[in-house]
Amino acid sequence: MGFRCGIVGLPNVGKSTLFNALTETQAAQAANYPFCTIEPNVGNVGVPDARLDTLAKIAGSQKIIPTQLGFVDIAGLVRGASKGEGLGNQFLGNIREVDAIIHVLRCFENDDIQHVDNRVDPLSDADTVETELMLADLDSLEKRVPAAAKKATSGDKEAKAMASVLGQALELLREGKPARLTQPKDDEEERLFRQAQLLTAKPVLYVCNVEEESAASGNAHSARVFEKAKAEGAEAVVVSAAIEADLIGMDTEERLAFLEELGLHETGLNRVIRAGYDLLHLLTFFTVGPKEARAWTVHQGAKAPEAAGEIHSDMQRGFIRAETIAYDDFVGLGGEAAARDAGKLRQEGKEYVVKDGDVMHFKFNV
């Protein structure tokens, strides 16, 4: 499954530079002027996971296939985007299609790079973008909630549930709060709330784009962003897009040496992925054999048939059982055969909740 994150922010905060670095491409034209990105650039990258390499080595797998993470580079928003200013409507539509929002905030000083408001204030930038998203949601719900409420008077149960949950979201927005604070009271309201695709319902990861010297520990600007994220129950990471850009083209040894010199232990991509996984409540399971070792992603709480469905819909439809070995057992015992002999290979049924690191083989019949 992986997940798809939309990279948003004001113009000239480093969005496209970060996108290029994360996807190790030059697909996005990074330039020092607003609206450099007009059509959304999409890049899929393999999620680095040392466990996958270990499993492949033990199993003698010919190929290693990581799970995928999708990034969508969405053009810079400006005030009035919710009313169509700049290229607003198109971009708000792009945001609606992603699972989470990576909000890039400028946390560096550089007189050579123009800021649309001629100052560096990441909290103000965050408020500008968040306000436009809230205004767009407000406009949408002020039409939908009365319509649902009217329909509910005829006894329509779905309309009643929709009026309830979206009405709660509307009140939050009117108070200047994002729709993600809405609390659906049951599964039906949860389904309808997700179906509404509200922009401010999406989880947010703040990426503090700092100068090279602050990449290891952040700076005063990023500290303020972390306080904001904590207050909102959001996530935040520090990244230097300039450093990530410098890493493009380096081999593994060169990267490690370069990062060590800067006091860093991993790339910005790793930090973004880990924060993204936490944000979306995701986990990884593996399938391992002589042909390939492969990583897959599901939401926490997913049951075995759902995991099977990530591989192929027929596997979910005809699910019988899942042969499962915990990662530590697979590695500690030296592979599937030894784990089986030691009684560590379990036969799990339809109600089994997948755990992070599970090595799985699915039995199915269609």
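Residues numbered from 1 in each chain as written. Predicted model: local features only at pLDDT ≥ 70, side-chain atom pairs only at ≥ 80, totals over all residues. Heavy atoms only, no water.

## Some details on the confidence of the model for the protein chain
Overall, the prediction assigns the protein chain a mean pLDDT of 86, with 89% of residues at 70 or greater. Counted against residues more than four places away or in other chains, residues 26-38, with its pLDDT under 50, gives 38 contacts. (pLDDT = per-residue confidence, 0-100. Contact = heavy atoms within 4.5 Å.)

## Some points on unusual backbone geometry
One non-glycine residue with positive phi stands out, namely Q197, at about 50°. Within the element layout of this structure, Q197 appears in the loop between α6 (187-195) and β6 (204-209). You can call Q197 partly exposed: its relative accessible area is 34%. Phi is positive for H281, close to 55°, though the residue is something other than glycine. Within the fold, H281 resides in the loop between α10 (268-280) and β8 (282-288). A relative accessible area of 47% places H281 in the partly exposed class. (Helix = DSSP H or I, 4+ residues; strand = E, 2+ residues; numbered from the N terminus. Buried < 20%, exposed > 50% of the residue type's maximum accessible area, 1.4 Å probe, protein only.)

## Structural notes on the pairing of strand β1 (residues 3-8)
For β1, the tally of buried residues reaches 5 of 6 residues, placing the bulk of the element in the interior. Across 5 bridges, β1 lies against strand β4 (residues 68-73) in parallel orientation. Paired with I7 across the bridge in β4 is D73. As paired strands, β1 and strand β5 (residues 100-106) are joined by 4 bridges and run parallel to one another. Looking across to β5, one finds that I7 is bridged to I102. (Pairing = 2+ DSSP bridges.)

## Looking at the packing of aromatic side chains
On inspection of all chains with the given rule, the structure shows 4 aromatic pairs. Between F285 and W296 the ring centres are 6.4 Å apart and the planes differ by 15°, which places this aromatic pair in the stacked class. In this pair, F285 sits in strand β8 while W296 sits in strand β9 (residues 292-299), placing the two residues 11 residues apart along the sequence. For the pair F285 and W296, a shared accessibility class is recorded, and that class is buried. Given the relative accessible area of 0%, F285 is considered buried. Aromatic rings pair up to connect F285, W296, F319 and F362 into one cluster. (Phe/Tyr/Trp six-rings, centres within 6.5 Å; stacked < 30°, edge-to-face > 60°.)

## Observations regarding the pattern of salt bridges
Taken as a whole, this structure holds 20 salt bridges when the rule is applied. Residue K151 pairs with D156 through a salt bridge whose shortest N-O separation is 3.9 Å. On the basis of relative accessible area, K151 is assigned to the partly exposed category, the value being 49%. Judged by its relative accessible area of 26%, D156 is partly exposed. As a salt-bridge pair, E348 and R346 come within 2.7 Å of each other at their nearest N and O atoms. With relative accessibility at 27%, the residue R346 sits in the partly exposed group. A single salt-bridge network, built from bridges that share partners, covers D49, R51 and D356. (Salt bridge = Lys/Arg side-chain N within 4 Å of Asp/Glu carboxyl O.)

## What about the sheet that holds β4?
Strand order in the open sheet made by the 6 strands is β2-β4-β1-β5-β6-β7, with mixed pairing throughout. Every other strand in the sheet has two partners, leaving β2 (41-46) and β7 (235-239) as the edge strands with one partner each. Between one strand axis and the next, the sheet turns through 25° on average, direction left out of account. Against the sheet, helix α7 (residues 220-232) touches β5, β6 and β7, its axis set at about 175° to β6. Contacts from α10 reach β1, β2, β4, β5, β6 and β7, with the element oriented near 175° to β7. (Axes fitted to C-alpha atoms, helices over the stretch in contact; angles between N-to-C directions.)

## Considerations on empty space enclosed by the protein
As enumerated under the stated definition, the model contains 2 cavities of 30 Å³ or more in all. Here the largest cavity is characterised by a volume of approximately 60 Å³. Along its surface, the largest cavity is lined by A21, L22, E24, E244, L247, R255, T267 and L269. Where the lining of the largest cavity is concerned, the elements lending two or more residues are α1 (15-23) and α8 (241-247). Here the residues of the lining of the largest cavity are counted per class, giving 4 nonpolar, 1 polar and 3 charged. (1 Å grid on protein atoms, 1.4 Å probe; cavity = no way out; pocket = protein on both sides within 12 Å on 5 of 7 lines; lining within 4 Å. Points joined across faces, edges and corners; volume = space filled by probe spheres on them. Nonpolar A, V, L, I, M, F, W, Y, C, P; charged D, E, K, R; others polar.)

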